[in-house]
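Here is how the chains run, residue by residue.
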Amino acid sequence: MLHIKPILSSLLRSKSGPLLLLLQIILSVAIVANASFIIAERLNLMARDSGVVESEVFDFSIYHFDKSTDLVAQDKRDLELLRAIPGVIDVAPSSMAPLSGGGWSSNFTLGPEERAKSTPNTGMYMSDEHFINSLGLKLVEGRNFYPQEITTELLEDGGKMLVTKAFADKVWPNETALGKSVYMGTQHFVVIGVLERLQTAWVDNKNLEFSSVLSVNYPADYKRYLVRAKSSDMARLKEVIPELLHKEYPSRVVEGFTTMGERRIEAYRDHELMATVLTMMVVLLLLITSLGVTGMVMFNIQRRTKQIGTRRALGAKKRDIISYFLVENYLLCLLGGGIGVLLAIQLGQQLMSLYSLPMLEIVYPLLTVAGLFAVTTLAVYLPARKAAKISPATATRSV
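Residues numbered from 1 in each chain as written. Predicted model: local features only at pLDDT ≥ 70, side-chain atom pairs only at ≥ 80, totals over all residues. Heavy atoms only, no water.

1. Focus: the packing of aromatic side chains
Summed over all chains, the structure comprises 11 aromatic pairs. Aromatic pair Phe 58 and Phe 257: ring centres 6.0 Å apart, planes at 35 degrees, arrangement tilted. You can see Phe 58 sitting in strand E1 (residues 57-64) and its partner Phe 257 sitting in strand E11 (residues 252-259), a full 199 residues away along the chain. Taken as a pair, Phe 58 and Phe 257 share a single burial class, namely buried. Ring centres 6.0 Å apart and planes at 85 degrees place the aromatic pair Phe 167 and Trp 172 in the edge-to-face group. For the pair shown, Phe 167 and Trp 172 are each scored as buried. (Phe/Tyr/Trp six-rings, centres within 6.5 Å; stacked < 30°, edge-to-face > 60°. Helix = DSSP H or I, 4+ residues; strand = E, 2+ residues; numbered from the N terminus. Buried < 20%, exposed > 50% of the residue type's maximum accessible area, 1.4 Å probe, protein only.)

2. Thoughts on the packing of helix H2 (residues 16-46) against helix H11 (residues 363-388)
Taken N-terminus to C-terminus, the directions of H2 and H11 make an angle of 125 degrees; their axes are 9 Å apart at the nearest point. By the angle between their axes, H2 is oblique relative to H11. In the packing of H2 onto H11, the handedness of the crossing is right-handed. Where H2 abuts H11, its residues Ile 25, Ser 28, Val 29, Val 32, Ala 33, Ser 36, Phe 37 and Ala 40 lie against Tyr 364, Pro 365, Thr 368, Val 369 and Leu 372. Counted by class, the contact of H2 with H11 contains 10 nonpolar, 3 polar and no charged residues. (Axes fitted to C-alpha atoms, helices over the stretch in contact; angles between N-to-C directions. Parallel < 35°, antiparallel > 145°, perpendicular 65-115°, else oblique. Left-handed = near helix turned anticlockwise from the far one by under 90°. Contact = heavy atoms within 4.5 Å. Nonpolar A, V, L, I, M, F, W, Y, C, P; charged D, E, K, R; others polar.)

3. Some remarks on the sheet that holds E11
A sheet is described by the order of its strands in space; here 4 strands give the open sequence E2-E10-E1-E11, paired in antiparallel fashion. Only two strands of the sheet have a single neighbouring strand rather than two, namely strand E2 (88-94) and E11. Averaged over all adjacent pairs, the angle separating strand axes in this sheet is 25 degrees, with direction ignored. In the sheet, E1 pairs with strand E10 (residues 222-229) via 7 bridges, with the strands oriented antiparallel. Paired with Val 57 across the bridge in E10 is Arg 228. (Pairing = 2+ DSSP bridges.)

4. What to know about helix H10 (residues 318-355)
The terminal C-alpha atoms of H10 lie 52 Å apart, and with 38 residues this matches the ideal 56 Å at 1.5 Å per residue to within 8%. One or two residues past the end of H10 sits Ser 356, with phi positive at roughly 55 degrees. (Expected span 1.5 Å × (residues − 1).)

5. Some words on the pairing of strand E9 (residues 211-214)
Alternating residues of E9 divide into Ser 211 and Val 213 and Ser 212 and Leu 214, and every residue in both groups is buried. In this sheet, E9 lies alongside strand E4 (residues 122-126) in parallel orientation, the contact comprising 4 bridges. Each bridged residue has a counterpart across the sheet, and for Met 124 the counterpart in E9 is Ser 212.

6. Quick notes on the side chain of Asp 90
Looking at the secondary structure, you find Asp 90 in strand E2. Judged by relative accessible area, which is 8%, Asp 90 ranks as buried. At a separation of 2.8 Å, a polar atom in the side chain of Asp 90 contacts the side chain of His 130. A polar contact is formed between the side chain of Asp 90 and the side chain of Asn 133, at a distance of 2.9 Å. (Polar contact = N/O pair within 3.5 Å; in protein donor to acceptor, adjacent residues only side chain to side chain.)

7. Structural notes on the environment of Leu 19
Within the secondary structure, Leu 19 is located in helix H2. Using a relative accessible area of 52% as the deciding quantity, one classes Leu 19 as exposed.

8. Points about the nonpolar core
Considering soluble globular proteins, one finds that nonpolar side chains tend to be buried as a cluster. Judged by nonpolar contacts, the single largest core of 30 residues is most densely connected at Ile 25, Ile 301, Ile 308, Ile 321, Phe 325 and Val 380. Looking at this core, the elements that each hand over two or more residues are helix H1 (4-13), H2, helix H8 (269-303), H10 and H11. Top element by residues in this core is H10. It accounts for 9 residues. (Core = buried A, V, L, I, M, F, W, Y, C linked by side-chain atoms within 4.5 Å.)

9. A few points about the packing of helix H9 (residues 305-313) against H10
Between H9 and H10, whose axes approach to 10 Å, the crossing angle comes to 140 degrees. Classified by the angle between their axes, H9 and H10 sit oblique to one another. For the element pair H9 and H10, the recorded crossing hand is right-handed. Residues Gln 307, Ile 308, Arg 311 and Arg 312 of H9 form the contact with H10, whose own contacting residues are Lys 318, Asp 320, Ile 321, Tyr 324 and Phe 325.

10. What about the pairing of strand E8 (residues 187-195)?
With 8 of 9 residues buried, E8 is to be regarded as a mostly interior element. Relative to E8, strand E5 (residues 139-142) runs antiparallel, the two being bridged by 3 bridges. Across the sheet, Leu 139 pairs through a bridge with Leu 195, a residue of E8. Bridge count for strand E6 (residues 159-164) against E8 is 6 bridges, and the pairing is parallel. Considered in E8, the bridge of Lys 160 is made with Val 190. By the bridge criterion, 4 bridges tie strand E7 (residues 181-184) to E8 in an arrangement that is antiparallel. Within E8, the position partnered with Ser 181 by the bridge is Val 190. The turn joining E7 and E8, which pair antiparallel and follow one another in sequence, is formed by 2 residues; a positive phi near 70 degrees is taken by Gly 185.

11. Examining the pattern of salt bridges
Enumeration according to the criterion identifies 16 salt bridges in this entry. We note a salt bridge from Lys 223 to Asp 75, for which the minimum N-O separation is 3.3 Å. Of this pair, Lys 223 sits in strand E10 while Asp 75 sits in helix H3 (residues 71-84), and the two are 148 residues apart along the sequence. With its nearest N and O atoms 2.6 Å apart, the salt bridge here joins Arg 143 to Glu 149. Residues joined in a network through salt bridges with shared partners are Asp 59, Arg 224 and Arg 263. (Salt bridge = Lys/Arg side-chain N within 4 Å of Asp/Glu carboxyl O.)

Purely spatial values, then, with no claim about function.
Here's what the structure looks like:
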């Protein structure tokens, strides 16, 4: 017997407490569901594969302050020295590092005309034939650069280009990207290879998966290098590389040693902070709601001591008393949860329009209600069990 009618009568006789608890449940469902959805979204973003063998890659930069330096010749000597260091798997020059937050990007056009159709904005790496191996990338179509194809400047008569599969599928859906041409002003590039995945430098950019690699090793005073080595050798290499490069040519600064793991942590720091804060908020809301339920049950036990004792005297068993309070809790959770689900969906739509978040999946409000049932069951059970222990003699002495 669920005794729903007397429970409803009891709740209606003292409306303020149940109404406040009902409001608390409604808000908890709406907020916890959306917060859990945002946490899951952030965790999914943080788990995205960059395409790089992150445990084996670090980068550093060289700044030449001697303006008389032959940058092309010095870069060639530096790369030979770096690739010969024991423990180094490969080294490549690069215009930017993945997940670094800074670098080059461009909108290419699909024809030489100014009004030709443009591609989406694309992260633009410039490197040589060692780029793929230095980052541990996977080539799924076409080929890598040949050494003789690497230039030191952007040429109008054609360069070679690698693109990611995401970019190729977006620009040339249902056909191969190999042999296709793109243009950047008057410069012309031909796609010769497709990479399975390579993220750009900006993790919050919608075009994160759209990357291109140009066959250009651009000479510059400030140059970045990507190094691949076993993780056990990285600490040693951070000491060896500056010493070796300064010994070869002292008029420069070698700095900025950063592993890809450190890049990832820094790139997703805000997302991790938001996920942590929201998780704490969810826990606190569930805890506060549980305490509210517990408080109401304890108050009702004190208020209904005579009623409980009388029921026990008339033959009610302990499990009937516990069931009474559990059913009372479930009625509030059911009503509050139902309204909370509707409010959560409405709140999700507002967040979607204001902050470009994905649409809230209905499973999150439903799981929140299920979780609330579980948490409040525990919150009700202990005080209800205490109420069930009230002796019938209590009622006899009191009546």
